[in-house]
Amino acid sequence: MPGGAPAADGVRQAAAAVAHASDRGARIVSIVIALAWHSAIALPAVLAARSELAAPDVVLAAWVVVAVTGLVAGVRLLRGSPLPAWPLVALLLVVDGTVFAAAGESQLFTAANWVWGTLAWFFVLALWGRRVVGLLALLVAHSLIALVAVIGHGATASADLARFAMYVYGTSSLPVAVFVGGAAIAALARERAATAAASHAVAAERDAAEQARRDRRDRLALVSGTAETVLAELADGRADPTDPEVQRRAMLAAARLRRLIAESDDVPDPLLHELRAAADVAERTGLPIELVTVGTPPALPVSIRRRLADPFAALLADARGWARLTVVAGPDEVVVSLVTPDRDGPDATGPPAGPDGDGQVQWVYERDGEIRWAQTRWRR
């Protein structure tokens, strides 16, 4: 099916757009939590316990480094720019060990040792969009650094080790939940959006097929009256095939049928294609036709193209000697005109058939005894 690839691309684009919007929401939540916790909880605790820290200046400097890192990572995540994940991870692990050492034994399990509660959120930012295995490995490394610090400060009592285990679990579980939840929600949103978009695409294709069926039925109805009448008269012997009027009516029906069939062809210039189809029927009778085109017609609906081209089928069926068909097109206007020698007899055509509610197609027809000139004009 020609429309299959565009439809599949549309489904993928819709799913990607929904997944991106969902993922962006999760990113914003993670950035806000990390920076808010770092600023509203960690910094006041460090400042309040500054005199009790083993190396307060080092702890504050590390806080500034992580704050700047978080701001840069947050901006890049919101812009969708890739992050240098592993250099950031290495920096955060260095800060992790430095703060544990600089906090001192007395502040080992307090909020002033801010890497306990804050650093895991910055791990989430650094590894956003990657597999959860990387985050788990990073949290394990963070736990080992903390364990080394606990043992190094001599906090090896059962209560201290239990506190260590509680801190590790309490400060790691929520970041992991947000990290996994954000990825899961984005994947679920992508899947549901793809399903919905695929359903809409199927419905659109079904509607398009039904519309094509109606269009074919309508096109057949436009020519069936003339064609059936001529064929019935020929079959019943009421029409003479050598009669010029019968020949003209038959050629008119054939020209209209040929042009209406051409309406459904997938070509770059449908209007020119339909006019060539009508002209081809007249050329088969020996009528020399010159087709002149200036410019490229814009995309026009079938109803407009039909009103522009249909009157010339009758004129070409009635033409004798020669004919010149001219198409002048621009982005906002298309003019189709036909000049043929005039001859005795009534006019062979009239204004374009069918409704023209907005008056976009104008019709002009003149004859002066020497030539017949007809023109249809469309303006946007």
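All values reported here derive from a predicted model rather than from experimental measurement.

**Here we look at the confidence of the model for the chain**
Per-chain confidence: the chain averages 81 in pLDDT, with 79% of residues scoring 70 or above. Contacts for the low-pLDDT stretch residues 1–5, under 50 throughout, to residues beyond four places or in other chains number 2 contacts. Note that residues 353–357 has pLDDT below 50 and, in this model, 5 contacts with residues that lie over four places away or in other chains.

**Description of the pairing of strand E3 (residues 333–341)**
Of all 9 residues making up E3, 8 are buried, and the element is well covered by its neighbours. Relative to E3, strand E2 (residues 323–329) runs antiparallel, the two being bridged by 6 bridges. Counted as the bridge partner of Val327 is Val336 from E3. In this antiparallel pair of consecutive strands, E2 and E3, the connection spans 3 residues.

**A look at the environment of Val336**
In this structure, Val336 sits in strand E3. What makes Val336 buried here is its relative accessible area of 0%. Other than its neighbours up to four places away in sequence, Val336 contacts Leu271, Leu275, Leu308, Phe312, Leu325, Thr326, Val327, Ala374, Gln375 and Thr376.

**Topic: the sheet that holds strand E5 (residues 371–379)**
The pairing of strands in a sheet happens through backbone hydrogen bonds and is either parallel or antiparallel. Strand order in the open sheet formed by 5 strands is E1-E2-E3-E5-E4, and the pairing between neighbours is mixed. Among the strands making up the open sheet, the edge pair consists of strand E1 (289–294) and strand E4 (361–367). Neighbour to neighbour, the strand axes of the sheet diverge by 10° on average, direction disregarded. Against the sheet, helix H8 (residues 270–283) makes contact with E1, E2 and E3, and its axis sits at roughly 170° relative to E1, the strand it touches most. Running over the sheet, helix H10 (residues 311–318) touches E1, E2, E3, E4 and E5 and is turned about 165° from E5.

**Observations concerning the packing of H8 against helix H9 (residues 302–309)**
Contact geometry of H8 with H9 gives a least axis separation of 10 Å together with a crossing angle of 40°. When the axis of H8 is compared with that of H9, the two are oblique. Along this stretch, H8 crosses H9, giving a crossing that reads as right-handed. Here Pro270, Leu271, Glu274 and Leu275 of H8 lie close against H9, whose contacting residues are Arg305, Leu308 and Ala309. The class makeup of the residues in the contact of H8 with H9 is 5 nonpolar, no polar and 2 charged.

**Points about a nonpolar patch on the surface**
Among the surface-exposed residues, Ile28, Val32 and Leu78 lie close enough to one another that they form a single nonpolar patch of about 230 Å² accessible area. Considering the arrangement of structural elements, one finds Ile28 in helix H1 (residues 4–48).

**Here we look at H10**
Here H10 lies mainly inside the structure; 8 of its 8 residues are buried. Residues of H10 that are buried include every one of Pro311, Phe312, Ala313, Ala314, Leu315, Leu316, Ala317 and Asp318, and no others.

**Overview of the side chain of Asp342**
By secondary structure assignment, the location of Asp342 is in the loop between E3 and E4. Residues within four places of Asp342 in sequence aside, it is in contact with Arg367, Asp368, Gly369, Glu370, Ile371 and Arg372.

**Things to note about the packing of aromatic side chains**
Using the criterion set out here, one finds 7 aromatic pairs in the structure. Residues Phe100 and Trp116 carry aromatic rings whose centres are separated by 5.1 Å and whose planes lie at 90° to one another, so their mutual orientation is edge-to-face. With a gap of 16 residues between them, Phe100 in helix H3 (residues 85–103) and Trp116 in helix H4 (residues 115–126) connect regions that are remote in the sequence. By relative accessible area, Phe100 is classed as buried at 1%. A ring pair is formed by Phe109 and Trp116, whose centres lie 5.9 Å apart and whose planes are at 20°; its orientation type is stacked.

Analysis parameters
- Residues numbered from 1 in each chain as written.
- Predicted model: local features only at pLDDT ≥ 70, side-chain atom pairs only at ≥ 80, totals over all residues.
- Heavy atoms only, no water.
- pLDDT = per-residue confidence, 0-100.
- Contact = heavy atoms within 4.5 Å.
- Buried < 20%, exposed > 50% of the residue type's maximum accessible area, 1.4 Å probe, protein only.
- Helix = DSSP H or I, 4+ residues; strand = E, 2+ residues; numbered from the N terminus.
- Pairing = 2+ DSSP bridges.
- Axes fitted to C-alpha atoms, helices over the stretch in contact; angles between N-to-C directions.
- Parallel < 35°, antiparallel > 145°, perpendicular 65-115°, else oblique.
- Left-handed = near helix turned anticlockwise from the far one by under 90°.
- Nonpolar A, V, L, I, M, F, W, Y, C, P; charged D, E, K, R; others polar.
- Patch = residues over 30% accessible without salt bridge, like charges linked within 9 Å, V, L, I, M, F, W, Y side chains within 5 Å.
- Areas by Shrake-Rupley, 256 points an atom, 1.4 Å probe, with all protein chains shown as cover.
- Salt bridge = Lys/Arg side-chain N within 4 Å of Asp/Glu carboxyl O.
- Phe/Tyr/Trp six-rings, centres within 6.5 Å; stacked < 30°, edge-to-face > 60°.

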